[in-house]
Amino acid sequence: MSPRSAAPARSASLAATPPPGALDAAGERALAAFEAAAAAAAVTLPGGDWRGEARAVFAASDLVARYAAQQPAELADLLTGPLDAAMAAADLEAALRARLGSGVDTGEADEATLARVLRRFRRRESVRIAWRDLAGRAAIDDTLAEQSALADACIRVALEVLDTRARARFGTPRSGDGEPQALLVLAMGKLGGHELNFSSDVDLVFVYGERGETDGARALDNGDFFTRLGQELIRVLEEATVDGFAFRVDMRLRPFGGSGPLVVHLDQLEQYLVTQAREWERFALVKARAITGDAATVAGVEELLRPFVYRRYLDFGAFEALRDLKARLEREVERKGLHGNVKYGRGGIREVEFIAQAFQLIRGGREPRLRTRGLVDALAALRELGELDGDTVDALAAAYRYLRCVENRLQAWADERVHALPRDDEARARLAWTMGAAGWDAFAAELGVHMERVQECFGHVFNVPDEEAAAGTGRDPFAAVWEGELEGGAAEHELAAAGYGDPGEVRRRLEAVRRSSRYRTLSATARDRFDRLMPRLLEEAGESAAPERTLGRLLTLMEAVARRSVYLSLLSEHAAARARLVELCAASAWIADFVTRHPILLDELIDPRSLFEPPDRASVEAEIGAALEGVGGDDLEAQMDALRQVKQANVLRVAAVDITGRLPLMRVSDHLTWIAEAVLDAAHRLVYRQAVARYGRPWAVLDGSTREPEFGIVAYGKLGGIELGYGSDLDLVFLHEGGEDRGTDGERPVDTGTFFARLAQRLVHFLNTPTPAGTLYEIDTRLRPNGSAGLLVSSLPAFERYQGEQAWTWEHQALVRARMIVGGDDLRARFEAVRAGILRQARERAALARSVLDMRNRMVRELARGGADRLDLKQDRGGVADIEFMVQYGVLAGAHATPALVEYTDNIRLLEALAEAGELGADEANLLTDAYRAFRTRIHRLALLDEPALVEPDAELAGYRDAVARIWGEWLEAAAADAAPAPPGDHS
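Residues numbered from 1 in each chain as written. Predicted model: local features only at pLDDT ≥ 70, side-chain atom pairs only at ≥ 80, totals over all residues. Heavy atoms only, no water.

*Asks:* Hey, could you go over the overall build of the chain for me, with residue numbers and the actual values?
*Replies:* If you tally the helices and strands in the chain, you get 42 helices and 17 strands. Structurally, the chain occupies a C-alpha span of about 110 × 80 × 60 Å along its principal axes. Relative to its full complement of 988 residues, the chain shows a buried share of 54%. For the chain, the proportion of contacts with a sequence separation of at least 24, taken over those separated by at least 6, is 74%. For the chain, the computed accessible surface area is about 40900 Å², with 48% contributed by carbon and sulfur atoms. One finds the centroid of the 122 positive side-chain charges in the chain at a distance of 2 Å from the centroid of its 154 negative side-chain charges. (Helix = DSSP H or I, 4+ residues; strand = E, 2+ residues; numbered from the N terminus. Buried < 20%, exposed > 50% of the residue type's maximum accessible area, 1.4 Å probe, protein only. Contact = heavy atoms within 4.5 Å. Areas by Shrake-Rupley, 256 points an atom, 1.4 Å probe, with all protein chains shown as cover. Lys, Arg positive; Asp, Glu negative; His and termini not counted. Charge placed at Lys NZ, Arg CZ, Asp CG, Glu CD.)

*Asks:* Provide a residue-level description of the packing of aromatic side chains, including the pertinent values.
*Replies:* Evaluation of the coordinates by the stated rule reveals 21 aromatic pairs. Arranged with centres 5.2 Å apart and planes meeting at 90°, the rings of Phe225 and Phe226 form a pair that is edge-to-face. Summarising the burial analysis for this pair, Phe225 and Phe226 share the class buried. Pairing Phe711 with Phe756 gives two aromatic rings, centres 5.6 Å apart and planes at 15°, and the pair type is stacked. (Phe/Tyr/Trp six-rings, centres within 6.5 Å; stacked < 30°, edge-to-face > 60°.)

*Asks:* Lay out the sheet that holds strand β12 (residues 740–744) in plain terms, naming residues and giving numbers.
*Replies:* If you walk across this open sheet you meet the 3 strands as β9-β8-β12, and the pairing is antiparallel. The open sheet has two edge strands, β9 (705–707) and β12, and neither has a second partner. Within this sheet the neighbouring strands show an average axis-to-axis angle of 20°, counted without direction. Sheet analysis places strand β8 (residues 698–702) next to β9, joined by 3 bridges and oriented antiparallel. Within β9, the position partnered with Ala700 by the bridge is Arg707. (Pairing = 2+ DSSP bridges. Axes fitted to C-alpha atoms, helices over the stretch in contact; angles between N-to-C directions.)

*Asks:* So what about the pattern of salt bridges? Which residues, and what values?
*Replies:* For the structure shown, the criterion picks out 66 salt bridges. For the salt bridge of Asp141 with Arg401, the shortest nitrogen-to-oxygen distance reads 2.9 Å. In this pair, Asp141 is assigned in helix α8 (residues 140–170) and Arg401 in helix α17 (residues 390–412), connecting sequence segments 260 residues apart. Each of Glu74, Asp77, Arg99, Arg124, Glu125, Arg128, Arg132 and Glu146 takes part in one network of salt bridges that share partners. (Salt bridge = Lys/Arg side-chain N within 4 Å of Asp/Glu carboxyl O.)

*Asks:* Now, about the nonpolar core: what can you tell me, with residues and values included?
*Replies:* Of all hydrophobic cores here, the largest spans 104 residues; its most connected members are Phe530, Met558, Leu581, Phe734 and Phe766. Tallying contributions element by element places helix α32 (residues 665–695) first for this core, with 15 residues. With sequence-adjacent residues up to four places away left out, Phe734 is seen in contact with Phe711, Gly712, Ile713, Ala760, Leu763, Val764, Thr781, Leu792, Val793 and Ser794. In this structure, Leu14, Ala54, Ala68 and Leu162 belong to the second largest nonpolar core, which totals 76 residues. (Core = buried A, V, L, I, M, F, W, Y, C linked by side-chain atoms within 4.5 Å.)

*Asks:* I'd like to hear about the confidence of the model for the chain, residue by residue, with values.
*Replies:* Per-residue confidence for the chain gives a mean pLDDT of 87, with 92% of residues at or over 70. Mean pLDDT values over the elements of the chain span from 57, in helix α6 (residues 103–106), up to 97, in strand β2 (residues 184–188). Across residues 1–10 the pLDDT falls below 50, and counting only partners more than four positions away or on other chains, this stretch makes 24 contacts in the model. Segment residues 464–474 is flagged for pLDDT under 50; beyond a separation of four residues in sequence, or across chains, it makes 8 contacts in the model. (pLDDT = per-residue confidence, 0-100.)

*Asks:* I'd like to hear about the packing of helix α35 (residues 796–805) against helix α36 (residues 809–816), residue by residue, with values.
*Replies:* Running from N to C, α35 and α36 point in directions that differ by 125°, and their axes come no closer than 9 Å. It follows that α35 is oblique to α36 by the angle criterion. Where α35 abuts α36, its residues Phe799, Tyr802 and Gln803 lie against Glu811, His812 and Leu815. In terms of residue class, the contact of α35 with α36 is built from 3 nonpolar, 2 polar and 1 charged. (Parallel < 35°, antiparallel > 145°, perpendicular 65-115°, else oblique. Nonpolar A, V, L, I, M, F, W, Y, C, P; charged D, E, K, R; others polar.)

*Asks:* Before we move on, can you summarise the packing of helix α30 (residues 617–629) against helix α31 (residues 636–659) with the specific residues and values?
*Replies:* The interhelical angle for the contact between α30 and α31, taken along N-to-C directions, is 145°, at an axis separation of 9 Å. Read as a crossing pair, α30 and α31 show a hand that is right-handed. Where α30 abuts α31, its residues Val620, Glu623, Ile624, Ala627 and Leu628 lie against Gln639, Ala642, Leu643, Val646, Asn650 and Arg653. (Left-handed = near helix turned anticlockwise from the far one by under 90°.)

*Asks:* Summarise the environment of Ala897; cite the residues concerned and give the values.
*Replies:* If you trace the backbone, Ala897 turns up in the loop between α39 (880–894) and α40 (907–916). Sequence-wise, Ala897 and Ala917 are 20 residues apart; in three dimensions their C-alpha atoms are separated by 8.8 Å.

*Asks:* Go over the pairing of β2 with me, naming the residues and quoting the values.
*Replies:* Within β2, 5 of the 5 residues are buried, which leaves it mostly tucked inside the rest of the structure. Side chains Leu184, Leu186 and Met188 project from β2 onto one buried face, and the interleaved Val185 and Ala187 project onto a second face that is buried too. Pairing between β2 and strand β3 (residues 202–208): 5 bridges, direction antiparallel. Looking at β3, one finds that Ala187 is bridged to Leu204.

*Asks:* Please set out a positive patch on the surface residue by residue, giving values where relevant.
*Replies:* Taken together, the side chains of Arg694, Arg748, Arg758 and Arg762 make up a positively charged region of the molecular surface. For Arg748, a relative accessible area of 46% puts it in the partly exposed group. (Patch = residues over 30% accessible without salt bridge, like charges linked within 9 Å, V, L, I, M, F, W, Y side chains within 5 Å.)

*Asks:* I'd like to hear about the environment of Glu540, residue by residue, with values.
*Replies:* With respect to the helices, strands and loops of the structure, Glu540 is situated in helix α24 (residues 524–542). Residue classification places Glu540 among the buried residues on the basis of a relative accessible area of 19%. Between the C-alpha atom of Glu540 and that of Leu75, which follows or precedes it by 465 residues, the distance is 59 Å. Residue contacts for Glu540: discarding those within four places in its chain leaves Arg578, Ala579 and Val582.

*Asks:* Summarise helix α19 (residues 440–462); cite the residues concerned and give the values.
*Replies:* Owing to its 3.6 residues per turn, the α-helix brings residues three or four apart onto one side. The first and last C-alpha atoms of α19 sit 32 Å apart over 23 residues, in line with the 33 Å expected at 1.5 Å per residue. The complete set of buried residues in α19 reads Trp440, Phe443, Leu447, His450, Met451, Val454, Cys457, Phe458, Val461 and Phe462. (Expected span 1.5 Å × (residues − 1).)

*Asks:* Any details on unusual backbone geometry? Residues and values, ideally.
*Replies:* Not every positive phi belongs to a glycine, and Ala42 is a case in point at roughly 55°. Unusually for a residue other than glycine, Asp703 sits at a positive phi of about 55°. Within the secondary structure layout, Asp703 lies in the loop between β8 and β9. Among the residues examined, Asp703 registers a relative accessible area of 76% and is labelled exposed.

*Asks:* Please provide a residue-by-residue account of the side chain of Thr214, values included.
*Replies:* Take Thr214: it is sitting in strand β4 (residues 212–214). Among the residues examined, Thr214 registers a relative accessible area of 3% and is labelled buried. Among the polar contacts made by the side chain of Thr214, one reaches the main-chain carbonyl oxygen of Phe170 at a distance of 2.7 Å. Not counting residues within four places of it along the chain, the set of residues in contact with Thr214 comprises Phe170, Gly171, Thr172, Pro173, Ala219, Leu220, Asn222 and Phe225. (Polar contact = N/O pair within 3.5 Å; in protein donor to acceptor, adjacent residues only side chain to side chain.)

*Asks:* Give a detailed account of helix α21 (residues 488–497), specifying residues and quantitative values.
*Replies:* Along α21, the residues classified as buried are Gly488, Gly489, Ala490, Ala491, Glu492 and Leu495. Downstream of α21 by a residue or two, Gly499 has a phi angle that is positive, lying close to 115°.

*Asks:* Hey, could you go over the environment of Gly216 for me, with residue numbers and the actual values?
*Replies:* Considering the arrangement of structural elements, one finds Gly216 in the loop between β4 and α10 (222–238). Taking the C-alpha atoms as reference points, Gly216 and Lys874, 658 residues apart in sequence, are found 32 Å from one another. Excluding anything up to four places from it in sequence, Gly216 contacts Phe170 and Gly171.

Below you can see the structure in the form of structure tokens.
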């Protein structure tokens, strides 16, 4: 490779070369705007000849120009001296501490203040660093190092404040031996190598030393303490506020990636590195650097990482691994059209990094000089060791600096993550000018020389083969991929052609399945069926909208059912069933997981008529009856399994229709509610029969006659409100008629209260207990009188007394959605009378509103998970819970005058009733109804994707949230202050 001179230590001063065309005028306008803003704010500008440089920097960076106009005092201060020299991390920390004041040491700085100061400090210092870079005052190496030092300072100071506050609340986290523990923040990627861009994410990993708990009055497990602390740190760094964000945080490089725990202790880290870590993670960990943490933990982490990253033997496998990774990236470049990308394109920054990292991983175990985080330092070490000749190192170092300078100039314009060369003429002219080129053509030629040199070196170092000659045997390419007959590159070529965007990862996942003990220990028949099925799943998943995601779900399912070869045969022989499985797995993570946990449901895929026909209650009851026909009356386990299979099959049918969009949300909830009601009724009958067989029938004197008292199940919450979702718990209360106890009439008699208590216990066990067929429902009985401390079963008179004399307002709110779903007609009527009587009590509106408001505010504090840019659809202000609480308030406030308000338990019909009763204006009721449907529909879709009800609100959701919050304030909050508020919408 021919020698090439290194890039200059500093960029040429922009002020020495006037901006081309419109940029000159733009710079002049920005300068005038800055001077006008300074005059308006009575800011004295410094003397000296700074205006020419300022005009040029303003023309080169809209970020700096806007900052000058918005913060003239800050920029004027920068012009008095801070632009002259770089600042070390310690100096930046000191400056940030000064802005925070004493709160940094005491932890008294609240999170909002901390976030505001961090963002403003980061913006000021980024402007200073950008100015120095653009004006030729700093070399690119210094610019990258100073931007990294800024991130270090912000992370350290923010963590110190948050840690001090957390320790004041929970105490000091300590090991089992009493040693204090601290959070170690491990910087990865560019931050770890002191090579951060203007707009880079910060890649972090959180580690702490040892397990234990805090020593405060409110003790926490160390893992919980540091997880909370890590979450707070991420939030204070990256949440968008009116001041923007400080740094975007990427935690995906932690053990197990995005699915792993946010924080790990040293033992967990060691276990992961030994048993789970993948080859590519060695590349990421080359740059790992601790920026916080106690000395013992830092030393412990370094001791663990060194042998994992730097093997004691010559590890030439790194060449193949990096070559495969680069091939994958190249295909990604082709797929996404990332040509002209200075980071990922051919001859780009990533190739320079791969060259250095390959040698580091191969020889770093034997050569300590290669164990460096900075790329330029690694290249220098390669020169010293004779691994690369001097000319090659010079060319690579020059190209790297040039490319990083281009990257920074692109990002300094608007503080955005940009790696692609611009296409419009103005942006091209600006970039060429900031790089010191005479024009775009001259710049493009210079850039091309650098990238060609990198390409040439990469091809030489990695000996990149011609991979065009893929296995052309005429064999099914998917079978060849699955069975590992193709070389890595050829296999990935086939996978990419099949639609996979990350073929390298897919290939590795397939290899992991083939290496797994489950696969290797299959019988010959099962393995043959598995091998015949996998190519077809591989092909068909590639045709889905998200191939990797779909295949991942299918592989998880296949591994779960591998030993039941009948299912493998089913999917191999029934192409239509296989296609339906791929469709369901592609559409819903929840369905994929549901089928994986209950593989017997694969049978449902054979007949599309039943699969896509959602059940009503009568059909579920008939199916339950048929399933129980052949089961012995005393075989409880078989009964449990039969009931579970019917329930799961019918839930799958609802979901299958749901994902097609042919079933509106309310109808989905209807079907799921009918399934639950039928299951509860059947479970009650089975358990009641067994209880009678054991204890005899219960008897009591009721209304002057001795008879068998009835037992009832009251549904609260979503089931009571006919709004059940996938995976919803069932909130249940158990009642019996009461009367004068006569006990049971069996050979082992017990009093009636004991009979019903044991019946309820048995019923909960029947519903809750996992069996090979899964679980029916999770049951929550905490809404019974006196909550968890109360009796599991109450008599109806006792329930009435409790509701009338002891119940809290929130228990009356819950009663709004209560309905008896199991029980005889007489007991149902009596329960409805009790419920109506309680709900129709006259209540003082202001006191009621205050009680409802207090409970809701407490829920927001304790349960809401949203933030500035994320909406918790259930618990945030303006969300579902606000609507539910307003409905409940309206019923409790108005039912004494309008009995019709107690007729329904679902929120939609209750909103209609509230409007008819004049409690709500018609427009407000309609708006709340629309908002409720919209929120629940989104929650429902997220549930099918197995994602939490946290979203970035779009215009529709944000509008509904704001409207709900407005009605909340105008109605409920107003009612809390005024005994007789006007109904919302009633402006008479």
